[in-house]
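One letter stands for each residue in the lines below.
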Amino acid sequence: MDKKNLLEIKDLSVSVDGRHILHDINLFVQPGETQVIFGPNGSGKTTLLMTIMGFPRYQVTKGRILFKGKDITDLPLDKRANLGIGLLFQRPPVVRGVKTRDIVAACLKETEGSKATEQLAEKANLTEFLDRDINYGFSGGEIKRSELLQLLAQAPELALLDEPESGVDLENIALIGQLINDLLGKIHPIYMRTHSGLIISHTGHILDYVNARTGYVMCNGRIICEGDPHDILTTIKEKGYQECVSCPMK
Amino acid sequence: MSDEVNVPPAEEASTDTGKQAALGDDLDLSLYESQVAEKPSHIDPATLSDKDKRQMMSAGIMFDDLSQRSGTFIQMDNAPIHSSVKQDGIEVMAISQALEKYDWLKDYFWQAVAADTDKYTAHVDCHQSDGYFIRALPGSKTLYPIQACLYLAKSRLIQDVHNIIIAEEGSELHIITGCTTASGREPGIHLGVSEFYIKKGAKVTFSMIHSWTPETGVRPRTATVIEEDGLFLSNYVIMKPVYSLQAYPSARCIGENATVRFNSIMVAPPGSRMDLGSKVFLNAKGSKAEIVSRAITTGGNIIARGYIEGNCPDVKGHLECRGLIMGDSGTIQAIPELKGTLAGVDLSHEAAVGKIAEEEIEYLMARGLSRDEATATIVRGFLNVDIQGLPPLLHAEMKKAIETSEQDLF
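Visitor: Looking at this structure, I do not really get the interface of chain A and chain B. What am I missing?
Guide: Interfaces are often sized by the amount of accessible area the parts lose when they come together. Counting residues at the interface gives 28 residues for chain A, matched by 18 residues for chain B. Summed over both sides, the interface of chain A with chain B buries roughly 1800 Å², with 60% coming from carbon and sulfur. Among the residues chain A hides against chain B, the three largest losses belong to A:Asp78, A:Pro93 and A:Arg96. Together they make up 27% of the total. Our count for the contact surface shared by chain A and chain B stands at one salt bridge. Two residues, B:Arg367 and A:Glu147, come together in a salt bridge whose shortest N-O distance is 2.7 Å. Put simply, chain A and chain B have eight residue pairs in polar contact (both at pLDDT 80 or more) between them. Broken down by secondary-structure element, the contributors of at least two residues to the side of chain A that touches chain B are α2 (77–83), β7 (95–99), α3 (100–108) and α5 (140–154) of chain A. When residues in the side of chain A that touches chain B are grouped by element, the largest group, five residues, is from β7(A). Taken together, the residues of the side of chain A that touches chain B sort by class into 17 nonpolar, five polar and six charged.

Visitor: It is not clear to me how the packing of aromatic side chains should be interpreted in this structure. Could you clarify?
Guide: Within a pair of aromatic rings, the relevant descriptors are the distance that separates the centres and the angle that separates the planes. All names here are of chain B. Tallying each qualifying case throughout the model produces 13 aromatic pairs over all chains. Here Trp104 and Phe133 contribute two aromatic rings whose centre-to-centre distance is 6.5 Å and whose plane-to-plane angle is 55°, an arrangement assigned as tilted. Highlighted residues: Trp104 in the loop between α3 (95–101) and α4 (119–126) and Phe133 in strand β4 (residues 132–136), separated in sequence by 29 residues. For Trp104, a relative accessible area of 29% corresponds to the partly exposed category. Look at Phe281 and Tyr307: their rings are 6.0 Å apart centre to centre, the planes differ by 55°, and that puts the pair in the tilted class. You can see Phe281 sitting in strand β15 (residues 273–282) and its partner Tyr307 sitting in strand β17 (residues 301–310), a full 26 residues away along the chain. Each member of the aromatic cluster is reached from another via a ring pair, and the members are Tyr102, Trp104, Tyr108, Phe133 and Tyr197.

Visitor: Just to check I follow, could you spell out the sheet that holds strand β6 (residues 85–88) of chain A for this structure?
Guide: One key point about sheets: their strands pair by backbone hydrogen bonds, in either a parallel or an antiparallel sense. All names here are of chain A. In space, the six strands of this open sheet follow the order β6-β9-β10-β3-β11-β12, with mixed pairing throughout. Both edges of this open sheet fall to β6 and β12 (222–227), since each of them pairs with a single strand only. Strand-to-strand twist across the sheet, computed as the mean angle between neighbouring axes with direction ignored, equals 20°. Pairing geometry for strand β9 (residues 158–162) and strand β10 (residues 196–201), over five bridges, is parallel. Each bridged residue has a counterpart across the sheet, and for Leu160 the counterpart in β10 is Leu198. Where α5 meets the sheet, its contacts fall on β6 and β9, and the angle it forms with β6 comes to roughly 170°.

Visitor: Which parts of the structure should I look at to understand α3(A)?
Guide: An α-helix turns once every 3.6 residues. As a result, residues three or four positions apart point the same way. Those residues of α3(A) lying buried are A:Thr100, A:Ile103, A:Val104, A:Ala105 and A:Cys107. Close packing links the buried residues of α3(A) with β7, α4 (116–123), β8 (133–134) and α5 of chain A together with α5 (358–365) of chain B. A:Lys109 occupies a position one or two residues after α3(A) and carries a positive phi of about 55°.

Visitor: What is the right way to look at a nonpolar patch on the surface in this model?
Guide: Residues and elements named next belong to chain A. Together, Ile190, Tyr191 and Met192 make up a nonpolar patch on the protein surface, roughly 370 Å² of accessible area in all. If you trace the backbone, Tyr191 turns up in the loop between α6 (170–183) and β10. For Tyr191, a relative accessible area of 68% puts it in the exposed group.

Visitor: Explanation requested: the pairing of strand β1 (residues 71–76) of chain B in the structure shown.
Guide: All names here are of chain B. Buried residues dominate β1, accounting for five of its six residues. Bridge count between β1 and strand β2 (residues 79–85): six bridges; the pairing is antiparallel. Along β2, the bridge assignment pairs Phe73 with Ser83. The hairpin turn running from β1 into β2, its antiparallel successor, is two residues long, and Asp77 in that turn takes a positive phi close to 50°. Note that β1 and strand β5 (residues 146–152) share six bridges and pair parallel. Paired with Phe73 across the bridge in β5 is Ala148.

Definitions and cut-offs
- Residues numbered from 1 in each chain as written.
- Chains lettered and ligands numbered in written order.
- Predicted model: local features only at pLDDT ≥ 70, side-chain atom pairs only at ≥ 80, totals over all residues.
- Heavy atoms only, no water.
- Contact = heavy atoms within 4.5 Å.
- Buried area = accessible area lost by both parts, 1.4 Å probe.
- Salt bridge = Lys/Arg side-chain N within 4 Å of Asp/Glu carboxyl O.
- Polar contact = N/O pair within 3.5 Å; in protein donor to acceptor, adjacent residues only side chain to side chain.
- Helix = DSSP H or I, 4+ residues; strand = E, 2+ residues; numbered from the N terminus.
- Nonpolar A, V, L, I, M, F, W, Y, C, P; charged D, E, K, R; others polar.
- Phe/Tyr/Trp six-rings, centres within 6.5 Å; stacked < 30°, edge-to-face > 60°.
- Buried < 20%, exposed > 50% of the residue type's maximum accessible area, 1.4 Å probe, protein only.
- Pairing = 2+ DSSP bridges.
- Axes fitted to C-alpha atoms, helices over the stretch in contact; angles between N-to-C directions.
- Patch = residues over 30% accessible without salt bridge, like charges linked within 9 Å, V, L, I, M, F, W, Y side chains within 5 Å.
- Areas by Shrake-Rupley, 256 points an atom, 1.4 Å probe, with all protein chains shown as cover.

Encoded structure:
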């Protein structure tokens, strides 16, 4: 294998509840690299992230997933999290009685009394949400910021971000972008970055705030295009995903 | 006293009628030893055996630093063995002593709870039962909680208890009660009548921890009368096994803007049978009630009841019963009931019974928690009833008591 790759996905096919969703996916992410996956609704983008994270409902029927050179295809969800993979949920569940503070502290693995939780919450403008039930009554933007707050505490080497800009108003999107840049260590030059991101975007708005090196288009469970994310987005905006499906270059 | 508390005079009911209770298993009292209450004594709690102290501490009673308590009362079986108070304006003594001291106290006897409610109240009535008398004089406020322990030490005994709590106008009482038995598997029965009288503008928080054994039968009979602007906040926790427990404490809001909140946390291990609820009658304008219960079964059977009745305009009540079934056996039956008798009442309820959602476990696992850690976090959250209105010290102690008991769950 290429030692430079943080994540390697080889010939991956996945089924969910007996339905074949992903077919022969090949994808590689290097340390410090950010990639974006575009695609219409139902194309399999979320399935790909959920499979990388290791949710049991997503069954790998073919192929392998390697993370830091280790085959994680059969590794449980929590073990993958502890190896350094984190997920921003598009629609996280409400967990009544469990406070935002509890989860952030668990992600930080901090002992009670540490100030790190407060500091991160301040950064995400969520101080007042620390003692609220996680995700209960949160707005779209608050959910994304809360997800990013947890990821910042977790500090994964590979962040899987499922539509971080969906449901976020204009006021919040700049802060979301800033938090993602923090998470991915964008403050550092690329050769010094160690944290990578795989971002799903339906609209591409997030590219106004977060730079990405590679873009993919996913349709019907297959990756059908790879290239400069801005070029891809321009084409999609002009001609829609149908153009990608019929593209002779794919 | 209000004439709205309509119960028969005590003398008509002071015989053991043998009337079966409306709810719960019918406990055969003849299989147990009955006693007439012994005279109160006064011993230093420090001289109790380590075993007894340990048991009492498991029900939230504190021995090491009594400066953190405004008063202490301990009853062992049917004998009050200690009562002390450390604050002016607060009274803590055995009910038998209080009756000797205050002639008027008999007017409060069996006024909130009817003596002929069932055979258990009749048994308490017939056996000259002792218990605690706790009173805050007008305007007095407890600096620290008052603690009371009802301890069942002798095997095959019926412990009869009759408590009266009076918060005079503008006063504030914080009480923590621990009810427990000597450890072991000896059978026994605890019958406890508690009558609360909360006067105009007074506030009472009552936090009760039950820590029984798999052979104990428990039948508390509690009722509270709340006058204008009065507040009653009751927290009840049972997380240890019990043979059979049935209680349906009630509160009557008889004065304008009277407020009551019942929080109950119950965990039923295999073999435990619990039938628990809270009942509120909103009889005065602007009165409010909130009933919140959390039930977990790890194999036992729970009936979680709740009842709010609105009998006056501009009253508001909400009832929330949530149950969690952990494991392959055990049942939870939630029975929330609302009754409005005229327009202008605002009553609502929500009830849910189920297992922990897999989606929630996976969410926490994606943050690096193991399945067991995720489950424990969710259960802890489930039990994390927002206990409002408690002084910080008592809040911290309740939290600690719950967390200590949680360790048995996993």
